[in-house]
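So you can see what is in the structure, the chains are spelled out below.
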Amino acid sequence: MRWRSVVKPLASPAAWLDFGFAGNGDVIAIGTRHAAAEPLRLFVARFSASGRKRAERDLSRAVTPLGSDWVSIDPTNDSIVIDDYDHPTNQFTLRRFSSATGRVLSSTKTPSGINRLAVDAYGHEYGLPQYGVGGNVYAAVVRLDARGQVKFGVDYWLRPLTAGARPGEPGVLAFPTAIAIARDGRVIIVDEPDVDATYQDGTPRRMAVVTSLGPDLSSPRQWELPVEWPFGSQAFGAWSHALAIAGAADGSVYVGEPVLDETGRRILGGRVRQFSASGELLGTWGLGTPGSGVARASHPAVDAAGHLWVIDVDPATHRSVIAVLEPG
């Protein structure tokens, strides 16, 4: 296997922030000319899978997305969906931009403060509500309708949001922090436990957990995600809130995560780990993995052919590039 850089590098303070795939397999990449600006001014660039640049447009307005999970691509029309955060009101607005023109197509305030978003192959939007839904503070994962309203969802116990009072037993889910739609159509989330969380059998839960759900948010598959940092530490929180995940058609999961220094206070770079559908570690690329072919890998994505794509940053030049792992 070998890594191939697909798009031109961007030199700091410019950076590639996220990317996804158009309906025809083209790469739709989101970049900025100044990554430290707030709000951010972003641009969208479109490339063929071979790296030929087709177009580049500035987005028509600045946004404040959450780091590590910048955008989602709707493959039904190649539009870009960004969860724009407003600091004064603590509210989120789903802004949909045209990847062809950069113009805003729609702006929808989410009633539940969706703070992570994923779009499936049919254009359906799934998200993680921050403030609960309709008085249910235990809402965990929801699907939105075309107007940005909650169509259906599940709580920590994987019950419908209208199920009623909180049960006495521990929840199946805890606090989801990352979400993605896998190539097999399943909804993947990573959640972190509360300080007194337990599993259904009463065993203390001290690990992040990967949960795969069907498109209707049923049929859970779960396994523990190994983390170097102790549960409850500042480093564990920094790690869990900077995740970006992706899923392949075979059920395997790629976890893009920060690598922190020995104190757990500073992010040194990133790595991507691949796990089987049952949680077995299959591979690691990026910081701390000599010979992996990339230096600071982040934002994993899987194309229709099953190839892994990442954003990589050169530690010496701070140039960022989008690369794909290919047979060779």
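I keep staring at the pattern of salt bridges and nothing clicks. Help me out?
As a working rule, side chains carrying opposite charge can pair if their charged atoms are close by. This structure, assessed with the given rule, holds 18 salt bridges. Between R159 and D155 there is a salt bridge whose closest N-O contact spans 2.9 Å. Of the charged contacts, one joins E257 and R273 as a salt bridge, the two residues approaching to 2.5 Å between their closest N and O atoms. One end of the pair, E257, is in strand β19 (residues 253-260); the other, R273, is in strand β20 (residues 267-275), with 16 residues separating them in the sequence. Residue classification places E257 among the buried residues on the basis of a relative accessible area of 3%. Linked by salt bridges that have partners in common, D26, R46, R54 and D78 make up one network.

Where do I start with the sheet that holds β20 in this structure?
Strand pairing in a sheet is mediated by backbone hydrogen bonds. Such pairs are either parallel or antiparallel. The strand order across the open sheet built from 4 strands is β18-β19-β20-β21, with neighbouring strands paired in antiparallel fashion. Each of the sheet's edge strands pairs with one partner strand only, and the pair in question is β18 (244-247) and β21 (281-286). Each adjacent strand pair in this sheet contributes to an overall mean axis angle of 25 degrees, direction not counted. Taken together, the 5 bridges between β20 and β21 define a ladder with antiparallel strand orientation. Bridging from a neighbouring strand, V272 pairs with W285 of β21.

Got a minute to help me understand the sheet that holds strand β5 (residues 53-58) in this structure?
With respect to topology, 4 strands assemble into an open sheet ordered β2-β3-β4-β5, the strand pairing being antiparallel. Edge strands, defined here as strands with exactly one partner in the open sheet, are β2 (15-21) and β5. Taking each pair of neighbouring strands and ignoring which way they run, the sheet shows an average axis angle of 20 degrees. With 6 bridges connecting them, strand β3 (residues 27-32) and strand β4 (residues 42-47) associate as antiparallel partners. Bridge pairing in β4 links V27 to F47.

In this structure, what is going on with the nonpolar core? I would like to understand it.
Nonpolar side chains tend toward joint burial in soluble globular proteins. Core analysis: the largest hydrophobic core is formed by 20 residues, its most contacted members being V190, V210, L225, W239, I245 and V255. At the level of elements, β14 (175-181), β15 (187-192), β16 (208-213), β17 (221-225), α1 (234-240) and β19 are the ones that each hand at least two residues to this core. Not counting chain neighbours up to four residues away, the residues in contact with V210 comprise I188, I189, V190, R221, Q222, W223, L225 and V253. W16, V27, A301 and I311 belong to the second largest nonpolar core, which has 18 residues in total.

Can you walk me through the confidence of the model for the protein chain in this structure?
When pLDDT drops low, the exact placement of atoms in the prediction is not to be read closely. Predicted confidence across the protein chain gives a mean pLDDT of 93, with 100% of residues reaching 70 or more. Across the protein chain, element-level confidence peaks in β21 with a mean pLDDT of 98 and bottoms out in α1 with 90.

Just to check I follow, could you spell out the side chain of S276 for this structure?
With respect to the helices, strands and loops of the structure, S276 is situated in the loop between β20 and β21. Here S276 is in contact with W223, G251, S252 and L282, once residues within four sequence places are set aside.

Teacher, can you tell me more about the side chain of S112 here?
Looking at the secondary structure, you find S112 in the loop between β9 (104-109) and β10 (114-119). Residue class for S112 comes out buried when judged on its relative accessible area of 1%. If we ignore the near neighbours within four places in the chain, the residues touching S112 are P129, Q130, Y131, G132, V133 and V150.

What am I meant to see in the environment of V195 here?
Here V195 lies in the loop between β15 and β16. Overall, V195 belongs to the exposed group, its relative accessible area being 62%. In this structure the C-alpha to C-alpha distance between V195 and I80, which are 115 residues apart in sequence, comes to 36 Å. Once you skip the residues sitting within four places of it in the chain, V195 turns out to touch R206 and F231.

Got a minute to help me understand unusual backbone geometry in this structure?
Trans is the common state for peptide bonds, and a negative phi is the common state for residues other than glycine. A cis amide bond, omega 10 degrees, links S12 with the succeeding residue P13. Mapped onto the fold, P13 is located in the loop between β1 (2-5) and β2. Cis geometry marks the peptide bond from E38 to P39, where omega comes out at 0 degrees. Inspection of the secondary structure puts P39 in the loop between β3 and β4. Its identity as a non-glycine residue notwithstanding, L158 has a phi of 60 degrees, on the positive side.

Just checking my understanding: could you explain the packing of aromatic side chains for this structure?
Aromatic ring pairs are described here by two measures, namely the spacing of the ring centres and the angle between the planes. By the definition in use, this model includes 14 aromatic pairs. Arranged with centres 4.8 Å apart and planes meeting at 40 degrees, the rings of Y85 and F92 form a pair that is tilted. Look at Y85 and you get buried, because its relative accessible area is 16%. What makes F92 buried here is its relative accessible area of 2%. With centroids separated by 5.7 Å and ring planes inclined at 85 degrees, the aromatic side chains of F231 and F236 adopt a geometry described as edge-to-face. Classification of F236 as buried rests on a relative accessible area of 3%. Here a set of aromatic residues connected by ring pairs shows up, and it is made of Y138, Y156, W157 and F175.

Parameters and conventions
- Residues numbered from 1 in each chain as written.
- Predicted model: local features only at pLDDT ≥ 70, side-chain atom pairs only at ≥ 80, totals over all residues.
- Heavy atoms only, no water.
- Salt bridge = Lys/Arg side-chain N within 4 Å of Asp/Glu carboxyl O.
- Helix = DSSP H or I, 4+ residues; strand = E, 2+ residues; numbered from the N terminus.
- Buried < 20%, exposed > 50% of the residue type's maximum accessible area, 1.4 Å probe, protein only.
- Pairing = 2+ DSSP bridges.
- Axes fitted to C-alpha atoms, helices over the stretch in contact; angles between N-to-C directions.
- Core = buried A, V, L, I, M, F, W, Y, C linked by side-chain atoms within 4.5 Å.
- Contact = heavy atoms within 4.5 Å.
- pLDDT = per-residue confidence, 0-100.
- Phe/Tyr/Trp six-rings, centres within 6.5 Å; stacked < 30°, edge-to-face > 60°.

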